[in-house]
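Structural overview for review
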Amino acid sequence: MRFIVFLLVALSLCIWSSNSRVALSAQKSTKPQVTSPTPRPKSKVAPSPSPTPRDPAKELAATVVISEPQLRADALRAFIKDFPTTAEVNRAKELLVSAIGELADTKLGSGEPEVAVELFKTAVKDAPKPSSEDLYSKVLLKFPLNLFAKNQRAAAFDVAALIEENAGRDAKKLIGLATFFLQIEYGTEAIRLAEKAKVSAPELSLVHQTLGIATRLNFMPERSIEAYRKAIELDPQSSTSRRSLADLLRASGNADEAERISREILDKTPDDRSARSILVLSLFDLGKTKEAEGELQKALESNPDDARLLTSVSLWHSKKGDSVTALDFARKGQRANPAFIWAYIAEARALIQQKKPLEAEKALLLGKRNGTFATLRSEEHTSELQSRQYLVCR
C-alpha cells in the first residue's frame, strides 16, 4: 500500500516538472527578439567650394575712391603687402606717394609743419625709382614749393635734395627740379642742376634754355647769351629761346641783333606780344623813336593791359631823362596790373628825377605789398637817401 502511494507521488512530480518546462519554453518563445540595427550607409561629404580668386585690379580701384588720405594710404599699404608681385604694384606705390603727399599738405595747412615735413620726406623716399613722369612732375615737384610757400625754407631744400636723388641722371627731371629754384629766384642751384643735366643730355635744347634763364637770373649775361645761342642751334624753331635771346641782347646793348631776331619771330607769328615788345624797346634804343611809337601803338591795341611793356617804356624814358612821360607810363602799368612790382619801381625813379623823393618812397612802399627782392630794396635805399637830402636842404 505504501508502495502504491509512493508511485502515485512520484508520478505527480514528474507530470508537474514536465508542465513547468513546457510553460517556461512557451514564455521564452513569446519574448521579443532583440536584433542588432542594420548599419546605415555612410553619407558622402560634399567638397567645400574653392574661394573666388582676388582681382588685384578691382581691389586697387577700390582704394582710389577712398577720400580720406590716411585711410587711402593704409589701404594702399595693405594692397602692396598682399600683392607684391602683381603688375599693379608699381601703380599702387605711386598712389601711396600721392596719398602721403596729400596728407602732408593737410598737416601743413593745419599748423603741423614738423609732421608735414616728415611725411613729405617719407613720400619721396617711398617713390619708385625711376618714378613716372606724371608722379615726378605732378606730385613730387610740388612738395618743395608747398613747403617754401609756408616759410619752411630749409625743409624745402631738404626735400628738393631727396627729389634730386630720385631723378638720378634723368636730364628732364633735373631740369624740372631746376624750375623750382628758378621760381624762388635761387639761380645758383638752378645753374648747378642745369649743368648736371647738360652732362647727361648735352643735345637737349631745354637744358641750355634753362641754363640761359638761370645765368641771367644771376646777372651773368655773357653766359646766358651763350646758353641761348646753343639752345637755338639745337632747336632753331624755338620761339621761346629766340625771344629770350633777343630780350637779353637788347638789355646788353645789342639792339640791332635784338631788332632782327624779333622781326624774324613776328614774320612767322605776328601775334607774338613778347616779340613785339622787344621790337618796340629795340627801336627806342636805336633812336628810331617814330617807328618805335608806331609799333608801341600796335602792341597796345592788341593788349592794352601789357604792364610789362608799359613799365619797360617808362624805364626807357626815365633813362633818357623824360620823367613826365616815364611817370605816365609807370602809372598806366600799375593800372594794368596793380601787383606788378616793377611798375612801382618805375614810378619811383620818375619821381626821384622830379625831385620828389618822399612820393617815390611811398610808391615803393605800395609796391612792397606785393613782394620784395634785391632791386626793390636798392630802390628803397636810394629813395631814402634822397629823402634825407631833401629834408636837410629844406
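Residues numbered from 1 in each chain as written. Predicted model: local features only at pLDDT ≥ 70, side-chain atom pairs only at ≥ 80, totals over all residues. Heavy atoms only, no water.

**Observations concerning the packing of aromatic side chains**
Evaluation of the coordinates by the stated rule reveals eight aromatic pairs. Geometrically, the ring pair formed by Phe181 and Tyr186 is edge-to-face, given 5.7 Å between the ring centres and 75° between the ring planes. Assessed through its relative accessible area of 30%, Tyr186 is described here as partly exposed. Measuring from ring centre to ring centre gives 4.5 Å for Phe284 and Trp316, while their planes differ by 35°; the resulting arrangement is tilted. Residue Phe284 is found in helix α15 (residues 273–285), and its partner Trp316 is found in helix α17 (residues 307–319); the two are separated by 32 residues along the sequence. A relative accessible area of 10% means that Trp316 is categorised as buried. Three or more aromatic residues joined by ring pairs form one cluster here, namely Phe148, Phe157, Phe180, Phe181 and Tyr186. Directly above the ring of Phe329 sits Lys332, whose terminal nitrogen or CZ lies 5.0 Å from the centroid. (Phe/Tyr/Trp six-rings, centres within 6.5 Å; stacked < 30°, edge-to-face > 60°. Buried < 20%, exposed > 50% of the residue type's maximum accessible area, 1.4 Å probe, protein only. Helix = DSSP H or I, 4+ residues; strand = E, 2+ residues; numbered from the N terminus. Lys NZ or Arg CZ within 6 Å of the ring centre and 35° of its normal.)

**Here we look at the pattern of salt bridges**
The full count for this structure, using the stated rule, is 28 salt bridges. In this structure, Asp158 engages Lys121 in a salt bridge whose closest nitrogen and oxygen atoms are separated by 4.0 Å. You can see Asp158 sitting in helix α8 (residues 153–167) and its partner Lys121 sitting in helix α5 (residues 113–126), a full 37 residues away along the chain. When its relative accessible area of 40% is taken as the criterion, Asp158 is described as partly exposed. Across the pair Arg229 and Glu257 runs a salt bridge whose closest N-O atoms are separated by 3.0 Å. Of this pair, Arg229 sits in helix α12 (residues 221–234) while Glu257 is found in helix α14 (residues 255–268), placing the two residues 28 residues apart along the sequence. Salt bridges sharing common partners tie together Arg229, Arg242, Glu257, Arg260 and Glu264. (Salt bridge = Lys/Arg side-chain N within 4 Å of Asp/Glu carboxyl O.)

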